[in-house]
Amino acid sequence: MSNVNEEKSEDKKNIEMEEREKMLNASNKAHEKEIDVENSEEKKGIAKEIKEGMEVKPKKIPIGGIQMPGFFTRSKSKERCKEDSENMEQEGTDLIDRNTENKDDSLNSQTKIKLPNPFRKSKIEEEGDKPSETKEKKKLLDTIKLPLVSVFPKKKKEGETLESAQAELASMETLDEKSSDDKNDEMKNVALDDKKDVEMQGPEDVTTWKDKLGTYKIAISALLVFLSLIAIIIFIAISGNRVSNSPPVKDGRFVETITSCGKIEGLLEDSAFAFRGIPYARPPTGDLRFKYAQPLNKLEYCWNGTFLAHNATDLCLQILSNGTVIGKEDCLTLDVVTPYVRYDNPLPVIVLIGSESLIGGSPGKMRPSARYARSRDVVFVRPNFRLGVLGFLALETLSKSDYPNTSGNYGLSDILLALQWVKLNIEHFGGDPKSVTLWGHRAGATLVTALSTMSDAHKYFTRAWASSGGAIYPKKPVVHSEIDNKSFLGAVQCENAECLRGVDAEKLVSVVEDTWRKPHPDLPSKDEDPSRRHQWLVLDGRILKEHPADVWSKDEDLPVQLVIGSTAHAGGSQKLLLKHKVWTEELVKQHVKESFLSEKNLTDDALKMYPPTYKGLSAMISDIRIVCPLFAISTEMHKIPFYVVNQTRFEQDIADIDSDVDAILGRYEPKTPEQRRYFSAMQGLFYHYVWHGKIEQNMIGQKVLVVGQDVLPQASYSHCAFWIVKNVSSYAALD
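Residues numbered from 1 in each chain as written. Predicted model: local features only at pLDDT ≥ 70, side-chain atom pairs only at ≥ 80, totals over all residues. Heavy atoms only, no water.

Turning our eyes to something else, we now look at the nonpolar core. Core analysis: the largest hydrophobic core is formed by 126 residues, its most contacted members being Phe275, Val336, Phe461, Leu500, Leu597 and Trp723. Considering each element in turn, this core owes the most residues, twelve residues, to helix α25 (residues 614-636). The contacts of Phe461, once residues within four sequence positions are left out, are Leu419, Lys423, Val436, Leu438, Leu451, Ser452 and Val560. Core analysis: the next-biggest nonpolar cluster, separate from the first, contains 35 residues, Ile350, Ala663, Met682 and Val690 among them. (Core = buried A, V, L, I, M, F, W, Y, C linked by side-chain atoms within 4.5 Å. Buried < 20%, exposed > 50% of the residue type's maximum accessible area, 1.4 Å probe, protein only. Helix = DSSP H or I, 4+ residues; strand = E, 2+ residues; numbered from the N terminus. Contact = heavy atoms within 4.5 Å.)

Here is the structure:
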């Protein structure tokens, strides 16, 4: 009977245990259902893995989550979780206690479960007097900090919510490992501060400023990109609203600007703009013949409407080397070639003064180059100026008819008035009136050097460059020149100024005596008397007030910067080349013996220094007539650079008189590597001077720049010391 009762008792116990297990499972399931409703699909998967005893991939939960083995959860509502967890803790504790009392072996495999309130404030916060729990809490916080430091810099994935990003910041990757070391596999509560938002916790306590910077680097980068875009938009808007300083090109070829006399229209030419035939002075005709240039200082002298500066006007009246008379008297116009018509970033200005002699051959090679204006960023200006008797005749009757009582140098007055026009108007053509280089070639270089000695030259131009000019300048006062020119009145059959102003202009030009004309370059003849040669320039007391040599011989700088130079064979000429079909050694020696050198017993010395060829003869003539006289006056000047071009070209293999000009203006195409290097060297020397006002090469202790494939400073040049010692400078060319 007792056995039956014991079996019934055992059955009853088993039934009670099963009921308790069912109740516990039901309670757990109810709790899991509530959690499943609140949690995401991802957390359902975690709970399932925990239940089946699988290894759960660590998930990231916010600070304040639950540390318990194999189980992670997060509540979205603190109040709701608090109520549910209290009930769960009470029910779960009772059931576990009953199971413990029975100590049945069949239940040893059952997992002891404790479900406390994960968000309930701990007793440590309430009591504050339990050091063991405080250590456990500190240990728990240390456990939370470790994964936070490693996870914090990670970027937020696209599409994640704010809560999921916060969950990543609070990774609980190490919680399972730490909880496994605890003797009691129990859950520990992490207190949450209700007064602080979850997002504000953690990083301030556990990260450095570098971590914070890394966290917000995406936001900072986005902000910088945004600010950059705003700056670009503002810049484009401002630029778009600016008024263009360049006038529009009409019909694809016309451009318009203004001058002191009114509007003017030019043409697009080779990607630059050309204005040709612009009047800069009153016509020097009628009563203004043999008078200094008169400005366009009244409206009645200007034009109405827009002046069409499309075509070049006629040159001034002149006699060419072959005796032909060309040009007209009303000629005081100028051409402007500029790469830009604008007011910002003005460019240096180069005024071209070219003429083979003071009676004709103007402008020669000195014509503006549209291509070089564009490629070198400079503005070219080429004025016409009077030549011959119309430009330089000094007579007593002409002096008395004008005030102040002087005459001659009218051509110089033309150049000065053109320079005044440049100062006043060139800014409307994209030029800089404060950077004007006056560049002369041959007789034009003689005029430029003379103008550079004026005391007020700086009012007209900034710097000057003289290529292959003359070295003889006027020493006679204007009164002496007037006496020397009296014979001209008989040639034109006039006695006074009124008659001279009524004579046909071409007749005035053509009746010039042969002795007044420039001879072709050659060795001086035996009967040549330098003192009897005609000098066109005079000391008029108005423009040239003192002899140029007296000015540059002073131990002080000239009023403006100046560079003087020539080519090694500037004295060669086509007439000399064609004198013999082939210049043999015997012909060269014979030519030297027939010159003044034999009178001075210098023939043998000359032939030793120069080879008996046409090239050697050209070099000898050049040194006597041009190169060495220029070198001599440059040594008398204070800090004046002197250059010589020795790079040869063409069939004659000489550095002819136009070699430097052609290189600077690009007048011929270099054929060989040596010529290309010379082009670069010559252009670099000239345009650096135009832009910066100085010679780039160091000339300390040196006197000459020899320009070939490179620019080489030297103490002297060739055989100039010999000719200077022998005092042959008086045979130098006049112009």
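From this point, things continue past the structure.
Under the defined criterion, the tally for this structure stands at four disulfides. Put simply, Cys261 and Cys302 are joined by a disulfide, and their sulfur atoms are 1.8 Å apart. Between Cys261 and Cys302, the S-S dihedral sits near -70 degrees, and the bridge is therefore left-handed. Of this pair, Cys261 sits in the loop between β1 (254-259) and β2 (262-269) while Cys302 sits in the loop between β3 (272-279) and β4 (306-308), placing them 41 residues apart in sequence. (Disulfide = S-S within 2.5 Å.)

Across the interface, helix α22 (residues 585-593) lies against α25 with an axial gap of 9 Å and an inter-helix angle of 20 degrees. Overall, the two elements α22 and α25 adopt an arrangement that is roughly parallel. Of the two possible hands of crossing, α22 and α25 adopt the one that is right-handed. The residues of α25 that touch α22, namely those facing Val588, His591 and Val592, are Tyr614, Leu617 and Met620. (Axes fitted to C-alpha atoms, helices over the stretch in contact; angles between N-to-C directions. Parallel < 35°, antiparallel > 145°, perpendicular 65-115°, else oblique. Left-handed = near helix turned anticlockwise from the far one by under 90°.)

Counting all residues, the mean pLDDT for the protein is 79, and 71% of those residues have values of 70 or more. Below a pLDDT of 50 lies the segment residues 144-206, which in the model reaches 111 contacts outside its immediate sequence neighbourhood of four places, other chains included. Segment residues 240-244 is flagged for pLDDT under 50; beyond a separation of four residues in sequence, or across chains, it makes zero contacts in the model. (pLDDT = per-residue confidence, 0-100.)

This part takes up a negative patch on the surface. The grouping of Glu16, Glu18, Glu19 and Glu21 at the surface amounts to a negative patch. As for its placement among the helices and strands, Glu18 is situated in helix α1 (residues 2-38). (Patch = residues over 30% accessible without salt bridge, like charges linked within 9 Å, V, L, I, M, F, W, Y side chains within 5 Å. Areas by Shrake-Rupley, 256 points an atom, 1.4 Å probe, with all protein chains shown as cover. Salt bridge = Lys/Arg side-chain N within 4 Å of Asp/Glu carboxyl O. Lys, Arg positive; Asp, Glu negative; His and termini not counted. Charge placed at Lys NZ, Arg CZ, Asp CG, Glu CD.)

Attention now goes to the packing of aromatic side chains. A full pass over the atoms with the stated rule returns 20 aromatic pairs. Residues Trp583 and Tyr614 carry aromatic rings whose centres are separated by 6.4 Å and whose planes lie at 40 degrees to one another, so their mutual orientation is tilted. Of this pair, Trp583 sits in the loop between α21 (574-577) and α22 while Tyr614 sits in helix α25, and the two are 31 residues apart along the sequence. Of the two residues, Trp583 and Tyr614, neither departs from the other in class, the shared state being buried. Ring plane angle 85 degrees and centroid distance 4.9 Å describe the contact between Tyr668 and Phe679, whose orientation is recorded as edge-to-face. A residue pair is termed long-range when its members are at least 10 positions apart, and Tyr668 in the loop between α26 (659-665) and α27 (673-692) and Phe679 in helix α27 qualify at eleven residues. (Phe/Tyr/Trp six-rings, centres within 6.5 Å; stacked < 30°, edge-to-face > 60°.)

All right, on to the pattern of salt bridges then. Scanning the entire structure with this criterion turns up 21 salt bridges. Among the ionic pairs, Glu546 bridges to Lys554, the shortest N-O distance being 3.9 Å. Residue Lys554 is classed as partly exposed on the basis of its relative accessible area, which comes to 36%. For Arg649, the salt bridge is made with Asp662, and the minimal N-O distance between the two is 2.8 Å. Highlighted residues: Arg649 in the loop between β13 (642-645) and α26 and Asp662 in helix α26, separated in sequence by 13 residues. The burial state of Arg649 is the same as that of Asp662; both residues are buried. Linked by salt bridges that have partners in common, Lys365, Arg649, Asp656, Asp658 and Asp662 make up one network.

Mapped onto the elements of the fold, Ser413 is located in helix α14 (residues 410-425). Engagement of the side chain of Ser413 in a polar contact is seen with the backbone oxygen of Tyr410, the distance being 2.5 Å. Excluding its chain neighbours within four sequence positions, the residues that come into contact with Ser413 are Tyr292, Ala293, Arg386 and Ile543. (Polar contact = N/O pair within 3.5 Å; in protein donor to acceptor, adjacent residues only side chain to side chain.)

Here the focus is α14. Between the first and last C-alpha of α14 there are 22 Å, a value that for 16 residues agrees with the 22 Å anticipated at 1.5 Å per step. Among the 16 residues that make up α14, 13 are buried, leaving the element largely enclosed by the rest of the structure. (Expected span 1.5 Å × (residues − 1).)

The next subject is the side chain of Asp658. Structurally, Asp658 is set in the loop between β13 and α26. When its relative accessible area of 15% is taken as the criterion, Asp658 is described as buried. With residues near it in sequence (within four places) discarded, Asp658 still touches Lys365, His441 and Arg649.

Moving on to a nonpolar patch on the surface. Where nonpolar side chains cluster on the molecular surface, the patch consists of Tyr216, Ile220, Leu223, Leu224, Val225, Phe226, Leu227, Leu229, Ile230, Ile232, Ile233 and Ile234 and spans about 1,200 Å² of accessible area. Within the secondary structure, Ile233 sits in helix α10 (residues 217-241).

Turning next to the environment of Arg374. With respect to the helices and strands, the residue Arg374 is situated in helix α11 (residues 370-376). Given the relative accessible area of 33%, Arg374 is considered partly exposed. Separated by 103 residues in the primary sequence, Arg374 and Ser271 have C-alpha atoms spaced 7.2 Å apart. Excluding residues that lie within four positions of it along the chain, Arg374 makes contacts with Asp270, Ser271 and Pro339. Side-chain polar atoms of Arg374 contact the backbone oxygen of Asp270, separated by 3.3 Å.

Attention now goes to α27. Helix length check: α27 (20 residues) gives 28 Å between terminal C-alpha atoms against 28 Å at 1.5 Å per residue, within 8%. Taken as a whole, α27 has its buried residues at Gln675, Tyr678, Phe679, Ala681, Met682, Gln683, Leu685, Phe686, Tyr687, His688, Tyr689 and Val690. Among the residues trailing α27, Gly693 stands out with phi positive, at a value near 75 degrees.

For strand β10 (residues 431-442), the buried fraction is high: eleven of the twelve residues fall into the buried class. In this structure, strand β8 (residues 347-355) lies alongside β10, joined through eight bridges in parallel fashion. Bridging across to β10, Ile350 finds its partner in Thr437. Pairing of β10 with strand β11 (residues 463-467), which is carried by five bridges, proceeds in the parallel orientation. (Pairing = 2+ DSSP bridges.)

Take the pairing of strand β14 (residues 704-707) next. Neither face of β14 is exposed, since Val704 and Val706 on one face and Leu705 and Val707 on the opposite face are all buried. Note that β14 and strand β15 (residues 711-714) share four bridges and pair antiparallel. Bridge pairing links Val707 to Val711 in β15. Counting the residues between successive antiparallel strands, the hairpin from β14 to β15 contains three residues.

Turning to its location among the elements, Gly430 is positioned in the loop between α14 and β10. Measuring from C-alpha to C-alpha, the distance between Gly430 and Val337 comes to 10.0 Å, with 93 residues separating the pair along the chain.

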